[in-house]
Amino acid sequence: MQKVKILIVDDEENIREVIKEYSTLEGYEVKEADSGVKALELLNSEKFDLMILDIMMPIMDGFTLLNSIPKEKRIPTIILSARDDEIDKLEGFDRGIDDYLCKPFSPRELMARVKAILKRTKGDVDSYSYDKLVVNFLEHTVKIDDKEINVTPKEFLILKYFIHNKRMAISREQLLNKIWGYDFYGDDRTVDTHIKMLRNNLGRYRDLIVTVRGIGYKFDDEK
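This write-up is about the structure you can find in this document. (Residues numbered from 1 in each chain as written. Predicted model: local features only at pLDDT ≥ 70, side-chain atom pairs only at ≥ 80, totals over all residues. Heavy atoms only, no water.)

### Focus on the sheet that holds strand β2 (residues 29-33)
Strand pairing in a sheet relies on backbone hydrogen bonds. The paired strands run either parallel or antiparallel. Rule in force here: One requirement defines pairing of two strands: DSSP has to find at least two bridges between them. Counting from the N terminus, the helices are the DSSP runs of H or I reaching at least four residues and the strands are the DSSP runs of E reaching at least two. Between the N-to-C directions of two axes lies an angle of 0 to 180 degrees, each axis being a line fitted to C-alpha atoms and, for a helix, fitted only over the stretch in contact.
Judged by pairing direction, the sheet is parallel, and its five strands sit side by side in the order β2-β1-β3-β4-β5 without closing on themselves. If you trace the sheet from one side to the other, it starts and ends with β2 and β5 (99-102), each paired once. Here the strands of the sheet are splayed against their neighbours by 20° on average, with no regard to which way each runs. Relative to β5, strand β4 (residues 77-81) runs parallel, the two sharing four bridges. Bridged to Leu-80 within β5 is Leu-101.

Now the structure itself:
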């Protein structure tokens, strides 16, 4: 399963970091650009599925960037802007953008809009399968031998995060931050308890979740 690749273009580092945090949790691969010039270089050298673009940037603003992208390199685009002018919105849609969101914005709303666009442009298929194990990210279901198994919402998020980061060692701290959030006051035992329950629920596929000594865990389906 190939990751969705998103380009975040904004000259404000803190905004890029927030969007990256939420995008990574959704399983998307992220590249960042702090200027329209750098974004254009990335668009000409790599393939992306979607771009989140700020309008007001120095040197090359968002609209100028849109005009500079070769036709064959154009991708679905969501504009972020501190300006709520109708003229800006109309200009953006005239240039072929897919959505327009005003700052300050809700990261969860942004992700919902990203998903809606990707669903329209990439289709409804969003699942992972290994032998008789099937994880459907849209339906939030886990099935073994065509029978749905019961996992808690947190267990599903952990499994989803593992699958989207296959074969990467993930620390307990990372899991606490990504799944529970930075404001959660827990410890390593919280993660270990949920991993134990998830492994039990996965039955004969429990060994897909590998303990990485001194670090945490990883999901490995190529052992």
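### Let's talk about the sheet that holds strand β8 (residues 141-144)
Operational definition: Residue contacts follow a heavy-atom distance rule, with two residues in contact if any of their heavy atoms lie within 4.5 Å.
Here four strands make up an open sheet; going across it, the order is β6-β7-β8-β9 and the pairing antiparallel. Looking along the sheet, the strands with just one partner apiece sit at the ends: β6 (127-130) and β9 (147-148). Sheet topology places strand β7 (residues 133-136) next to β8; four bridges connect them, and they run antiparallel. When the bridges of β8 are listed, Val-135 appears paired with Val-142. Across the face of the sheet, helix α6 (residues 153-164) comes into contact with β6, β7 and β8 while running at roughly 105° to β7.

### Here's the deal with the packing of aromatic side chains
Test applied: The rule is short: rings of Phe, Tyr and Trp, with Trp giving its six-membered ring, pair when the centres are within 6.5 Å, and they are stacked under 30 degrees, edge-to-face over 60, tilted in between. The cut-offs for exposure are 20% and 50% of the maximum accessible area for each residue type, with area from a 1.4 Å probe on protein chains only; residues under the lower value are buried, those over the upper are exposed, and the others partly exposed.
Following the criterion strictly, the structure yields two aromatic pairs and no others. Judged by centre distance (5.8 Å) and plane angle (80°), the rings of Tyr-128 and Phe-219 are edge-to-face. Highlighted residues: Tyr-128 in strand β6 and Phe-219 in strand β12 (residues 216-219), separated in sequence by 91 residues. With respect to burial, Tyr-128 and Phe-219 carry one shared label: buried. Centre to centre, the rings of Tyr-130 and Tyr-205 are 6.1 Å apart; their planes meet at 85°, and the pair counts as edge-to-face. Of this pair, Tyr-130 sits in strand β6 while Tyr-205 sits in the loop between α8 (188-202) and β11 (209-212), and the two are 75 residues apart along the sequence. The class for Tyr-130 is partly exposed, based on a relative accessible area of 31%. A relative accessible area of 5% places Tyr-205 in the buried class.

### As for the layout of surface pockets
For clarity, the threshold we go by: Grid points spaced at 1 Å over the protein atoms alone were grouped into cavities, where a 1.4 Å probe fits but cannot get out, and pockets, open sets with protein on both sides within 12 Å along at least five of seven lines, with lining residues defined by an atom within 4 Å of a point. Grid points are joined across faces, edges and corners, and a volume is the space filled by probe spheres set on the points. Under this grouping Gly is polar, as are all residues other than the nonpolar Ala, Val, Leu, Ile, Met, Phe, Trp, Tyr, Cys and Pro and the charged Asp, Glu, Lys and Arg.
Taken as a whole, the second largest pocket holds about 440 Å³ of empty space. Forming the walls of the second largest pocket are 18 residues, and the residues nearest its centre are Tyr-22, Leu-25, Arg-108, Lys-178 and Ile-179. Secondary structure elements with two or more residues in the lining of the second largest pocket: α1 (13-25), α5 (107-122), α6 and α7 (172-180). Residues belonging to the lining of the second largest pocket are distributed by class as follows: eight nonpolar, three polar and seven charged.

### Side note on the packing of α6 against α8
Basically, it comes down to this: Put simply, angles under 35 degrees are roughly parallel, angles over 145 are roughly antiparallel, angles from 65 to 115 are roughly perpendicular, and the rest are oblique.
One way to put it is that α6 packs onto α8 with a least axis distance of 10 Å and a crossing angle of 85°. One element, α6, and the other, α8, form an angle in the roughly perpendicular class. In this structure, α6 contributes Lys-154, Glu-155, Ile-158, Leu-159 and Phe-162 to the contact, and α8 contributes His-194, Ile-195, Met-197, Leu-198, Asn-201 and Leu-202. For the contact of α6 with α8, a count of residues per class yields seven nonpolar, two polar and two charged.

### Considering the pattern of salt bridges
The condition that has to hold: When a carboxyl oxygen of Asp or Glu is within 4 Å of a side-chain nitrogen of Lys or Arg, the pair counts as a salt bridge.
Summed over all chains, the structure comprises 17 salt bridges. The closest approach of N and O atoms between Arg-167 and Glu-222, which form a salt bridge, is 3.8 Å. Here Glu-222 lies in the segment after β12 and Arg-167 lies in the loop between α6 and β10 (170-171), a separation of 55 residues in the sequence. Look at Glu-222 and you get exposed, because its relative accessible area is 58%.

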